[in-house]
Amino acid sequence: HSSMQDRADLLGDVETGTPLLPLSSSSSAMLRERANIGSVDNALDDVIGQAQNVASSLMQQRRMFDGINSKLNMLGARFPAVNSLLTSIRRRKAKDTIVMSLVVAFCLVVMILYMFSGR
């Protein structure tokens, strides 16, 4: 069989949707594979659409939080008490980030040492 003959066997009559020749086992396997590829393609399109929706939502949230942050900074500039409160919150947040980073790093080191210990 040539590739043109295989293609004609697979595609068949486009108007009726039936193959031109009776399907052999290899042709039916090709048709199943073609259907599987089509379903995977559709699933991939769905996943890409979901990812684009999530990215759009995250960008919208980022714009909202940027607006809130700028308003808080304006309040801090106007009122010294608010500014000191915001500064202490930033310090605590930075401290929490450092502690979490150290905990994650420690867990990774222990996990790597356990993997290389041969158990």
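Predicted model only: the values in this text are computed from it and were never measured.

Student: Describe in detail the overall build of the protein, supporting the description with residues and values.
Tutor: Within the protein, the secondary structure is distributed over three helices and zero strands. Tracing the protein from N to C terminus, the helices and strands come up as α-α-α. Only carbon and sulfur atoms are counted for the fraction: they give 65% of the accessible area of the protein, which is about 10,500 Å².

Student: With reference to specific residues and values, describe a nonpolar patch on the surface.
Tutor: Taken together, the side chains of M64, F65, I68, L72, L75 and F79 make up a nonpolar region of the molecular surface, amounting to roughly 560 Å² of accessible area. L75 gets classed as partly exposed once you look at its relative accessible area, which sits at 39%.

Student: So what about the confidence of the model for the protein? Which residues, and what values?
Tutor: On average, residues of the protein carry a pLDDT of 84, and 79% of them reach 70 or more. When mean pLDDT is compared element by element in the protein, helix α3 (residues 80-116) scores highest at 92, while helix α1 (residues 3-11) scores lowest at 63.

Student: Can you break down α3 residue by residue, with the values?
Tutor: The terminal C-alpha atoms of α3, which comprises 37 residues, lie 54 Å apart, in line with the 54 Å expected from a rise of 1.5 Å per residue. G118, located one to two residues past α3, shows a positive phi value of around 90°.

Student: Before we move on, can you summarise the environment of L75 with the specific residues and values?
Tutor: Mapped onto the elements, L75 comes out in helix α2 (residues 25-78). Sequence separation between L75 and L86 is 11 residues; the distance between their C-alpha atoms is 9.7 Å.

Student: Residue-level account of the layout of surface pockets, with values.
Tutor: Approximately 190 Å³ is the volume found for the largest pocket. Lining the largest pocket are N69, L72, L86, I89, R90 and K93. Among the elements of the structure, α2 and α3 are those that each provide at least two residues to the lining of the largest pocket. With four residues, the top contributor of residues to the lining of the largest pocket is α3. Across the lining of the largest pocket, the residue classes break down as three nonpolar, one polar and two charged.

Scoring rules and cut-offs
- Residues numbered from 1 in each chain as written.
- Predicted model: local features only at pLDDT ≥ 70, side-chain atom pairs only at ≥ 80, totals over all residues.
- Heavy atoms only, no water.
- Helix = DSSP H or I, 4+ residues; strand = E, 2+ residues; numbered from the N terminus.
- Areas by Shrake-Rupley, 256 points an atom, 1.4 Å probe, with all protein chains shown as cover.
- Patch = residues over 30% accessible without salt bridge, like charges linked within 9 Å, V, L, I, M, F, W, Y side chains within 5 Å.
- Salt bridge = Lys/Arg side-chain N within 4 Å of Asp/Glu carboxyl O.
- Buried < 20%, exposed > 50% of the residue type's maximum accessible area, 1.4 Å probe, protein only.
- pLDDT = per-residue confidence, 0-100.
- Expected span 1.5 Å × (residues − 1).
- 1 Å grid on protein atoms, 1.4 Å probe; cavity = no way out; pocket = protein on both sides within 12 Å on 5 of 7 lines; lining within 4 Å.
- Points joined across faces, edges and corners; volume = space filled by probe spheres on them.
- Nonpolar A, V, L, I, M, F, W, Y, C, P; charged D, E, K, R; others polar.

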